[in-house]
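Observations on chain architecture
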Amino acid sequence: MIPRKVIALEPYDASQIRQWLKLATQFLDDSLGVITPPKYQTALAHQSVGLLFFEPSTRTRVSFELAAKHLGASTILLNEQGSSMSKGESVMDTCANLAAMGVGAFVMRHKSREIIEQVGAALPTPLLNAGNGNGEHPSQGLLDALTLCAHFHYKAHRAWDYSLQGRTIAIVGDIAHSRVARSDVHVLERLGAQVTLAGPPELLPEVGQPGWGEARRTSSLEDALEGADAVIVLRVQRERLGQLEVDPAQYAQRWRVGQAHLALMKPDAVVLHPGPVIRGEELEAQVADGPKSLILQQVRCGVAVRQALLLSVMGAA
Ligand code: CP
């Protein structure tokens, strides 16, 4: 059964993940730029997508908006400040009202891990999680996987293959507070990759904590990068640190991924970052802008993945 609500990637097997990725490749041209084939340009005509962003966002919000519009849908952007939520209305009541007006799907980002699950359970409206606290960020996980498949298969062999079998991928930085890392672990492992999580001990999830698959942990950046095919660099997520303090200069000294680190990795290794990049803290600018960086390709793949997800949950794939 095709899912109508995608709140996490953890429940989905490789077959479902490959279906989403395969659909997404229809929205990439030969140069891996974003396109919309004519047959999809009105696929969501007369439908509307509610973009409910209760936390800041650039990439996810704009790419979902573009994705919806490329498919012929209209979009409604709602956040707390400009809506009746500022008068005390709940997220649930807000969503129920939008659904009653005929909004056809919700894309939601919220600092709470649970509220998106509650809305999904209460309302029949198709729902895409655009980031829930330190829970998951499913569309980011899929776009990271698509970016890697595009690099290792399509760019290398001009043929799509949705496998990362035999690849070792390091995720480096503030893992414990990252919804991107959680979704990445699920999708990368489903596609056959071995994942290493690396960060300072206080920013790593405890061994045995559920939701982290089979991923290896290390508190050595060099150990994580040695022989890796790709590194996904994460920023310190200060909005979710609570009482924990991370000194930016000390962090950068020990954990910033720089040009010298790339020599530890495989010769064709690549660098990803979900954004926003805090240049100089977790990543050297020369690496972010260098030939091994796929950061802007991730953004292009993001529009394609979000087109696929909207089509899929809205029953138009
Ligand atoms: N990667 C990501 O979620 O970026 P935004 O916060 O800008 O959406």
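Everything in this summary refers to the structure shown in the same document. None of the values given here were measured: they were computed from a predicted structure. (Residues numbered from 1 in each chain as written. Predicted model: local features only at pLDDT ≥ 70, side-chain atom pairs only at ≥ 80, totals over all residues. Heavy atoms only, no water.)

Summed over the entire model, instances satisfying the criterion amount to four aromatic pairs. Between Tyr154 and Trp160 the ring centres are 5.0 Å apart and the planes differ by 20°, which places this aromatic pair in the stacked class. Judged by its relative accessible area of 26%, Trp160 is partly exposed. An aromatic cluster of at least three residues, connected via ring pairs, comprises Tyr154, Trp160 and Tyr162. A cation over a ring is seen here: Arg167 above Phe152, with NZ or CZ 3.9 Å from the ring centre. Sitting over the ring of Trp255, Arg254 keeps its end group 5.2 Å from the ring centre. (Phe/Tyr/Trp six-rings, centres within 6.5 Å; stacked < 30°, edge-to-face > 60°. Buried < 20%, exposed > 50% of the residue type's maximum accessible area, 1.4 Å probe, protein only. Lys NZ or Arg CZ within 6 Å of the ring centre and 35° of its normal.)

It is worth spelling out the pattern of salt bridges at this point. Applying the stated rule across the entire model yields 11 salt bridges. The salt bridge partner of Arg216 is Asp223, with a shortest N-O separation of 3.1 Å. For Asp223, a relative accessible area of 33% gives the class partly exposed. Ionic pairing is found between Arg240 and Glu239, a salt bridge with its closest N-O pair at 3.9 Å. Members of the salt-bridge network, linked through shared partners, are Arg61, Glu65 and Lys69. (Salt bridge = Lys/Arg side-chain N within 4 Å of Asp/Glu carboxyl O.)

Looking at the secondary structure, you find His261 in helix H9 (residues 259–262). For His261, a relative accessible area of 16% puts it in the buried group. (Helix = DSSP H or I, 4+ residues; strand = E, 2+ residues; numbered from the N terminus.)

When you tally the buried positions in strand E2 (residues 48–53), you get six out of six residues, the bulk of the element. Burial along E2 is two-sided: the face carrying Ser48, Gly50 and Leu52 and the face carrying Val49, Leu51 and Phe53 are both buried. When E2 meets strand E3 (residues 74–78), the two strands line up parallel, connected through five bridges. When the sheet's bridge partners are listed, Leu51 is paired in E3 with Leu77. (Pairing = 2+ DSSP bridges.)

So, about the sheet that holds strand E10 (residues 270–272). With respect to topology, five strands assemble into an open sheet ordered E8-E7-E6-E9-E10, the strand pairing being parallel. A strand with exactly one partner marks an edge of an open sheet, and here the two such strands are strand E8 (216–218) and E10. The sheet shows a mean angle of 20° between the axes of neighbouring strands, taken without regard to direction. Note that strand E9 (residues 230–233) and E10 share three bridges and pair parallel. Bridge pairing in E10 links Val231 to Val271. (Axes fitted to C-alpha atoms, helices over the stretch in contact; angles between N-to-C directions.)

Its place among the elements puts Asp229 in the loop between helix H7 (221–225) and E9. A polar contact of 2.7 Å, which involves the side chain of Asp229, links it to the backbone nitrogen of Thr168. In this structure the side chain of Asp229 is engaged in a polar contact, spanning 3.2 Å, whose partner is the side chain of Lys266. Contacts of Asp229, omitting those with residues within four sequence positions, involve Phe152, Gly166, Arg167, Thr168, Met265, Lys266, Asp268, Ala269 and Val270. (Polar contact = N/O pair within 3.5 Å; in protein donor to acceptor, adjacent residues only side chain to side chain. Contact = heavy atoms within 4.5 Å.)

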